[in-house]
Number of protein chains: 2
Amino acid sequence: MDNFTFFNPTKVEFGKNKEQAIGQYLAEHGIKKVLLTYGSERIKRDGLYAVVSKSLGDKGIQFVECGGIVSNPVLSKVREGIALARSQQVEAVLSVGGGSVLDSSKAIATGVRYDGDVWDLFLGKARIEGALPVFDILTLAATGSEMNSGAVVTNEATREKFAIQSVHTFPKVSIVNPALMRTISRDYLVYSAADIIAHSIEGYFTATVQPKIQSRLVESVITTVMETTETLLADPNDYNARAEFAWAATLALNGIIYAGTSGFGYPNHMIEHSLSALFNVPHGAGLSVVMPAWMKWYHSRNLPQFERFAQQIFGLKTAEEGIAALEQWFDKIGTPTRLSQLGITATELPATLDNLQGNAQWFGLAETYTRDVLADILKRAL
Amino acid sequence: MDNFTFFNPTKVEFGKNKEQAIGQYLAEHGIKKVLLTYGSERIKRDGLYAVVSKSLGDKGIQFVECGGIVSNPVLSKVREGIALARSQQVEAVLSVGGGSVLDSSKAIATGVRYDGDVWDLFLGKARIEGALPVFDILTLAATGSEMNSGAVVTNEATREKFAIQSVHTFPKVSIVNPALMRTISRDYLVYSAADIIAHSIEGYFTATVQPKIQSRLVESVITTVMETTETLLADPNDYNARAEFAWAATLALNGIIYAGTSGFGYPNHMIEHSLSALFNVPHGAGLSVVMPAWMKWYHSRNLPQFERFAQQIFGLKTAEEGIAALEQWFDKIGTPTRLSQLGITATELPATLDNLQGNAQWFGLAETYTRDVLADILKRAL
């Protein structure tokens, strides 16, 4: 077990009706004016917007709207949000949506407190020295952003999908009400399942130091995601399954299951970020394509852990059996396992490999993941 | 899954040599004078005291000593610490020791900020409105106090062993260096194992709402504790086993495995608190006696979960088989499973039952745990 620091100051308010108190949570932090970020107008149709505006109004909190944030959120929108936050002199950002809205909100919150262009922070050209406080009401459980300090944004001009992370970007309060996730589409449910599994396995398979207790926690998360996904596909109204799925998503990336783990990378995310930066595929759909292909290429480098995975998750024996079972499970729930299902063919491989070179640098994985290796992995996914 | 709030602002600094930076951590919080609490003079003999005083000195931090805190820490010592902290005008408390020293430190930290007698806070006669910041260097992993806000103290005059809990009593920084635990005696290692298992199972077996994901996390903790205890009994110098054991102890009571769980109580702790308040037995030793007896009395009330326990922890089938296996495992590692091993005989039962009446009230379990029920459980443990 390697040395580590665990620090996660986010307060998670989890459960039914928690969003009704959002005004109270902001008031406790002395907020009087907030930037309200969201994606589509769906939150207005389904009543959540009304709940939020009433709760804010009851506490005398003003808000300015920044809607229209898209999946695979883009830098131009973040810049727009920063300008709005500055001109309106808001004191905080309130994200109402999924991981894309929340990540954009974290980026806006840091950008407001930085004099240069916010993309500098993603490129590591400048340090994050502060941020507006971020609050959120989560409407889709997948990215884990509600209880960590990371934010992923795509620079649509350069086709770079990079991230920031800072002690200043932990949300102050995250509201996770599984009932708000009842209307998530079948597609986004299964993409989210793939995303959570991807967060769980990057360290599990690639770490040079991987404590057994942490492997057990990872397996608990994956088993829960698989079980609850199947329950929710059969009955989207199963609140308890929705809740366990959401808590698994939070646990997958709040630092607990990565404590004491070291020497790991995020190769699956590295590859997927190029797919979504270039082809705007849903992040989870890209991951369910990348993972089996990556595993087939990688497994001989950590055979005992892949055998452990096969046994603990599927009751099988060999690494190959475990990988095949995961791929079959992705097929069964209906998340893609082939690039062709994302509309990506061999013709697109050279451009993808070009984009991946910058990504591999950014992820610190360029030495292992050469163009040849990446071509090998991508060809397995065609 | 029930509604919950998860909030845990403690920074855990885990790993080798972390204690060398204690001065730095205090300095980051602006501390210039601290009350240094500890138990025996062992920390002076084994060099830890020298490391701490050098680290504090390097940052110009003064300290006042409050040593001699005992296991099952007592109220008189807490009062002494409060008086000292006040007269010396310290700004924080630094606990160097195990759970008893840390719990005493939390009690001192709250008592300093309360005008009345500190025991009022344990009796619920007054609310905890603030506390000095608490820091700690943990030398024994068992109680989980390093990453929660609880503190248990015994009023030796009234023979009451009660607890406080407050948002103000989370340690600011907890240093958990498993290497510092290398010299723990065989007895205290196995008592600690019993304590961690007890923390894990109270909710697991008694909750009216127990999410499956949380059961899986509990099982991960218990499996790890059992495995690493056996490793450490064979080789006390196995750093990795020491580290996984310590992290399991932290996870068992930092709120993660209890999130979304509800309707549970702490009956095993309730019973044990009377044993250690009356007979000053080591807390973990008391728990390993109480648990099998309690399980034999309780299991029919939650049969599926006891069958799950038997299967997941021991690969067995029935509730009875699982309970017997746990008792045998306690016997195997050498932690007591009978009151007689603690020197408690049938003669002592009436006095124990008398003491338990107040405890059952305090724990909110008096309705279920009548004198007859408690007599039944204790007789099974004779």
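With an unreviewed UniProt entry as reference, chain A is termed Iron-containing alcohol dehydrogenase, source organism Azospira inquinata. We quote the UniProt Sequence similarities (unreviewed entry) comment for chain A here in full: "Belongs to the iron-containing alcohol dehydrogenase family." In UniProt, chain A has this text filed under Cofactor (unreviewed entry): "Fe cation".

Q: Which parts of the structure should I look at to understand the pattern of salt bridges?
A: Note on pairing: side chains with opposite charge can pair once their charged atoms come close. Counted according to the given criterion, the structure contains 34 salt bridges over all chains. Glu227(A) is the salt-bridge partner of Arg216(B), the closest N and O atoms lying 3.0 Å from each other. Note that Arg216(B) is positioned in helix α8 (residues 212-234) and Glu227(A) in helix α8 (residues 212-234), a pairing that runs across two chains. You can call Arg216(B) buried: its relative accessible area is 9%. Of the charged contacts, one joins Arg380(B) and Asp376(B) as a salt bridge, the two residues approaching to 2.9 Å between their closest N and O atoms.

Q: It is not clear to me how the interface of chain A and chain B should be interpreted in this structure. Could you clarify?
A: Put simply, an interface is often sized by how much accessible area is lost when its parts join up. In this complex, chain A contributes 37 residues to the contact, which on the side of chain B involves 37 residues. Counting the surface lost from both chain A and chain B, the interface buries some 3300 Å², and carbon and sulfur atoms represent 59% of this. Summed over the shared surface of chain A and chain B, the number is four salt bridges. Linking chain A to chain B there are 25 residue pairs in polar contact (both at pLDDT 80 or more). When contributions to the side of chain A that touches chain B are tallied by element, the ones reaching two or more residues are β1 (4-14), α8 and α9 (239-252) of chain A. Per-element accounting of the side of chain A that touches chain B gives the leading share, 11 residues, to β1(A).

Q: How should the relation of the copies chain A and chain B be read in this particular structure?
A: Each of the two chain copies can be brought onto the other by rotation about an axis and movement along it. Structural alignment of chain A on chain B gives an RMSD of 0.0 Å, achieved by rotating through 180 degrees and translating 0.0 Å along the axis. Expressed as an axis order, the relation between the two copies is that of a two-fold axis. It is Pro9(A) whose C-alpha, among those of chain A, lies nearest the rotation axis, at 2.3 Å.

Q: How should the packing of helix α4 (residues 75-87) of chain A against helix α5 (residues 99-112) of chain A be read in this particular structure?
A: All names here are of chain A. Remark: α4 packs on α5, axes separated minimally by 9 Å, with the N-to-C direction vectors making an angle of 50 degrees. Between α4 and α5, the angle is such that the two are oblique. Once α4 is placed against α5, the crossing between them reads as right-handed. Taking contact as the criterion, the partners of Val78, Gly81, Ile82, Ala85 and Arg86 in α4 are, on α5, Ser104, Ala107, Ile108, Gly111 and Val112.

Cut-offs applied
Residues numbered from 1 in each chain as written. Chains lettered and ligands numbered in written order. Predicted model: local features only at pLDDT ≥ 70, side-chain atom pairs only at ≥ 80, totals over all residues. Heavy atoms only, no water. UniProt positions renumbered as here; feature names shortened; annotations may be inferred. Salt bridge = Lys/Arg side-chain N within 4 Å of Asp/Glu carboxyl O. Helix = DSSP H or I, 4+ residues; strand = E, 2+ residues; numbered from the N terminus. Buried < 20%, exposed > 50% of the residue type's maximum accessible area, 1.4 Å probe, protein only. Contact = heavy atoms within 4.5 Å. Buried area = accessible area lost by both parts, 1.4 Å probe. Polar contact = N/O pair within 3.5 Å; in protein donor to acceptor, adjacent residues only side chain to side chain. Least-squares fit on C-alpha atoms with pLDDT ≥ 70 in both. Axes fitted to C-alpha atoms, helices over the stretch in contact; angles between N-to-C directions. Parallel < 35°, antiparallel > 145°, perpendicular 65-115°, else oblique. Left-handed = near helix turned anticlockwise from the far one by under 90°.

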